[in-house]
Amino acid sequence: MLTSGLLFYILAAAIVLFAIAVVMSSNPIYSALYLALTMVTLAFMFFMLNAPFIAGVQLIVYAGAVVVLFTMVMMLFDLKKEQEAFARGKFTGFIKIASAGWLCGLIAGAVYMSSEMIVSGSKAVSENTATTKNLAIELFTNYILAFEALGILLLLIAVGAVSISRIKGGTHA
Amino acid sequence: MGSDAFEIAINLVKMIVIFLLMVQLVPLLVWIERRGSAFIQNRFGPNRVGPLGLTQLLADAVKFIFKEEFIPSRSRKFLFYAAPVMSLIPGALAFGSIPLSLPINVEAFEMFGQTWGPYRFAFQSFEIGVGIVFVLGISSLGAYGMLTAGWASVNKYSIFGALRASAQMISYELALGLSLVGIILIYGTFDFSVMISEQTGPLSFMWFGSEVVIPFLPNWGIFYQPLGALLLFITMFAETNRAPFDLPEAEAELVAGYHTEYGGLKMNMFYIGEYGHMMVASALMTTFYFGGYHLPFVDPDTVNTALMYNGYSATMASVLTALTFHLVFFAKLFLFLWIFIWVRWTLPRFRYDQLMDLGWKKLLPWALANTMVTAVVVFLMRSWS
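Residues numbered from 1 in each chain as written. Chains lettered and ligands numbered in written order. Predicted model: local features only at pLDDT ≥ 70, side-chain atom pairs only at ≥ 80, totals over all residues.

> How should I be thinking about the overall build of chain A in this particular structure?
In terms of regular secondary structure, chain A is built from eight helices and zero strands. Put simply, chain A runs from its N terminus to its C terminus through helices and strands in the order α-α-α-α-α-α-α-α. For chain A, the proportion of its 173 residues judged to be buried stands at 17%. Once local pairs closer than 6 in sequence are excluded, the contacts in chain A between residues at least 24 apart make up 48%. (Helix = DSSP H or I, 4+ residues; strand = E, 2+ residues; numbered from the N terminus. Buried ≥ 20, exposed ≤ 12 C-beta atoms within 10 Å, placed from the backbone. Contact = placed C-beta atoms within 7 Å.)

Quick look at the structure:
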């Protein structure tokens, strides 16, 4: 019990530190690498919370594919102009302040709305998502609408990305 | 970890031993690769140092350690040092979660005036219930080692190698994951040990409500999923960046790809990472499609009781049985490792567009079709009975 508690705090501290480093590093490639570290530590956190399937999927999808793609694409570009553009300027300053406010609002809203529905950790995990089978049953019966909606959203994003890259006459669409 | 000091100690030792096992196999594989390639190309290969050139491995290790350390002056130093480690760790972690033999059962015994209760030690570094998902997730992290190596070197050849490597790994990961879905559907588990224990005995399956037994074939996954096995095998070559998919280090175009600037022990760590990935790939092939550590038609319990009958204690018999089946596992593992080497020195390298076409337009649709057909057949056969 003590060791798992200790591990939890170590992992939690690591996640927060890496997440801060994502925002603080001026070089976008370092940001992306810190993001990968955040994803990996988050996956190990899921392992600790008895959700091994979600942990594995987190590793495969986010750490293994999405962030690799981010990093790869950023390595392709010469990012000096973008770095300067993002470092100063009224418009980016406005975006920074706006996103900080947005984040504060999200956190406050989440805390405010979830204070009534706190479930004790062991119950939440063991009853629904402990085994992969239960997770699948929950996903494909109770939450099928949300699941399908997310699938359609992802499809829309893919189609949108292709159409945007075609507008400017790209050859690699 | 374990409930008392003895169990924790054994589990820690086990982790180190299995990691060292993986690392120590690498020089041997390098020797097999050099001798094998020489054999295929009608040369001699290393045959001067020691019997059959075997001590060449030691000489190579000494050379790797004592080579001058070289860092490009404009490189990103920290990432330059971190990249070899990043490419070594995923292979080692993935190999640690694959069961290499039967679990060892230790009976209760007396030591230091205290009774140490019965134990069960799995023959792997650590047990994870969703082993397959874990292995796929961890080995997909291998792309970072190559990416950072290429980028940190600040060398155009390196970065091209890194970009090719990561694009290739991401593209083939989809086909890899989908080719495994069929076998997961059939056995209905993510656990390696359960999957291996399902593959014992003669080939038997349900066919429209009646049980079919073919006594002269083992109950291996390859007889249920031949297409899945073939797809997994092809994608594994791409995932390990071995020929014919070794475009990330295509020496005719890119000098040495992402590890152009590396030398000495850092270079060696990339080697260990690559061979580690090969071992994981071969172990996965063995576990999914060739019965894991089981010898066809030999029941482990028979071996165990035979050993007990010959005067060994229960603990000793369990250890010896596990070691026997460990050897069986390694025989199968080495067969696949040899095929890896064989293919490398037989087939020419793909062109990059051919590689992408093969991954996205051939392997992925075939893997999808395999998944669909398997799902329909499994559903039909289960609802019949």
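> What is the right way to look at the overall build of chain B in this model?
Of the regular secondary structure elements, chain B holds 13 helices and six strands. C-alpha atoms of chain B, sized along the principal axes, occupy 65 × 60 × 45 Å. Nonlocal contacts in chain B, meaning residues at least 24 apart in sequence, comprise 75% of its contacts between residues at least 6 apart.

> What's the story with the nonpolar core in this structure? I'm lost.
Most often, soluble globular proteins have nonpolar side chains that are buried together. Counting 115 residues, the largest nonpolar core has A:A36, B:V135, B:A162 and B:M279 as the members making the most contacts within it. The greatest single-element share of this core, amounting to 15 residues, is contributed by helix 6 (residues 156-187) of chain B. Leave out the neighbours within four places in its chain, and A:A36 touches A:A63, A:V67 and B:Y144. (Core = buried A, V, L, I, M, F, W, Y, C linked by C-beta atoms within 7 Å.)

> How should the environment of B:T287 be read in this particular structure?
Residue and element names in this part refer to chain B. With respect to the helices and strands, T287 occurs in helix 10 (residues 264-289). Along the primary structure T287 and E173 are separated by 114 residues, whereas in three dimensions their C-alpha atoms are 19 Å apart. Beyond its immediate sequence surroundings of up to four residues, T287 is in contact with I98, F192, M195, I196 and G292.

> I'm lost on the interface of chain B and chain A in this one. Help?
Interfaces are often sized by the accessible area lost when the parts come together. Every contact between the two is made by 22 residues of chain B and, on the other side, 19 residues of chain A. Of all elements in the fold, only helix 4 (131-139), helix 5 (142-152) and helix 6 of chain B reach the threshold of two or more residues within the side of chain B that touches chain A. With six residues, the top contributor of residues to the side of chain B that touches chain A is helix 6 of chain B. A class-by-class count of the residues in the side of chain B that touches chain A yields 16 nonpolar, five polar and one charged. (Nonpolar A, V, L, I, M, F, W, Y, C, P; charged D, E, K, R; others polar.)

> What should I look at first to understand the pairing of strand 5 (residues 202-207) of chain B in this one?
Looking along a regular strand, one sees side chains alternate from face to face of the sheet. Here strand 5 of chain B runs beside strand 6 (residues 210-218) of chain B; their pairing, made up of six bridges, is antiparallel. When the sheet's bridge partners are listed, B:P202 is paired in strand 6 of chain B with B:P218. (Pairing = 2+ DSSP bridges.)

> Even after reading the chapter, I still don't get the pairing of strand 6 of chain B, so can you show me in this structure?
With zero of nine residues buried, strand 6 of chain B is to be regarded as a mostly surface element. Between the end of strand 5 of chain B and the start of strand 6 of chain B, which pair antiparallel, lie two residues, with B:F208 showing a positive phi angle near 50°.

> Looking at this structure, how should I read helix 8 (residues 144-167) of chain A?
Owing to its 3.6 residues per turn, the α-helix brings residues three or four apart onto one side. Helix length check: helix 8 of chain A, at 24 residues, gives a terminal C-alpha distance of 35 Å against a target of 34 Å (1.5 Å per residue), a fit within 8%. The element helix 8 of chain A is largely exposed, with a buried count of zero among its 24 residues. (Expected span 1.5 Å × (residues − 1).)

> So what exactly am I meant to see when it comes to helix 10 of chain B here?
Residue and element names in this part refer to chain B. For helix 10, which comprises 26 residues, the first-to-last C-alpha distance of 38 Å matches the rise-based estimate of 38 Å (1.5 Å per residue) to within 8%. Most of helix 10 sits inside the fold, with 22 of its 26 residues counted as buried. Among the residues trailing helix 10, G291 stands out with phi positive, at a value near 75°.

> Got a minute to help me understand the environment of A:A55 in this structure?
Residues and elements named next belong to chain A. By secondary structure assignment, the location of A55 is in helix 3 (residues 52-76). Separated by 15 residues in the primary sequence, A55 and V40 have C-alpha atoms spaced 8.9 Å apart. Not counting the four nearest positions on each side in its chain, A55 is found in contact with A43, F44, F46 and F47.

> Hey, could you run me through unusual backbone geometry in this one?
Phi is mostly negative for residues that are not glycine, and the peptide bonds are mostly trans. Residue and element names in this part refer to chain B. A positive phi angle is found at N42, which is not glycine, with a value near 60°. For N42, the location among the structural elements is in the loop between helix 1 (5-40) and helix 2 (56-66). Residue N42 is classed as exposed on the basis of its C-beta count, with 6 C-beta atoms lying within 10 Å. Of note, V154 is a non-glycine position whose phi angle comes to about 50°, a positive value. When you line up the elements, V154 lands in the loop between helix 5 and helix 6. Under the C-beta neighbour-count criterion, V154 is labelled partly exposed, with 15 such atoms within 10 Å.

> In this structure, what is going on with the confidence of the model for chain B? I would like to understand it.
Residues shown with low pLDDT carry predicted positions that ought not to be read at fine detail. Predicted confidence across chain B gives a mean pLDDT of 83, with 99% of residues reaching 70 or more. Both confidence scores are given for the complex: pTM 0.82, ipTM 0.78. (pLDDT = per-residue confidence, 0-100.)

> Please clarify how the packing of helix 3 (residues 77-96) of chain B against helix 4 of chain B should be interpreted in this entry.
Each pair of packed helices can be described by the angle between their axes along with the distance between the axes. Residues and elements named next belong to chain B. Viewed as axis vectors pointing N to C, helix 3 and helix 4 meet at an angle of 170°, and their least axial separation amounts to 8 Å. Comparing the axis directions of helix 3 and helix 4 gives the class roughly antiparallel. In this structure, helix 3 uses P90, L93 and A94 to contact helix 4, whose residues at the interface are V135, I138 and S139. Residues belonging to the contact of helix 3 with helix 4 are distributed by class as follows: five nonpolar, one polar and no charged. (Axes fitted to C-alpha atoms, helices over the stretch in contact; angles between N-to-C directions. Parallel < 35°, antiparallel > 145°, perpendicular 65-115°, else oblique.)

> Explain the confidence of the model for chain A to me, please; I cannot follow it from the model alone.
Chain-level statistics for chain A give a pLDDT mean of 79 and a share of 81% at 70 or above. Predicted confidence in chain A is weakest over helix 6 (residues 121-129) of chain A, with a mean pLDDT of 51, and strongest over helix 8 of chain A, with 88.

> Where do I start with the packing of helix 3 of chain B against helix 10 of chain B in this structure?
All names here are of chain B. Where helix 3 meets helix 10, the axes come as close as 8 Å, and the angle between the chain directions of the two elements is 25°. The pairing of helix 3 with helix 10 is recorded here as roughly parallel in orientation. Once helix 3 is placed against helix 10, the crossing between them reads as left-handed. Contacts from P84, V85, S87, L88, G91, A92, A94 and F95 in helix 3 reach K266, M269, F270, I272, G273, G276, H277, M279, V280 and A283 in helix 10. (Left-handed = near helix turned anticlockwise from the far one by under 90°.)

> Mind showing me how you'd approach the environment of B:A306 here?
Here B:A306 is to be found in helix 11 (residues 300-309). Distance in space between the C-alpha atoms of B:A306 and B:I98 is 27 Å, their sequence separation being 208 residues.

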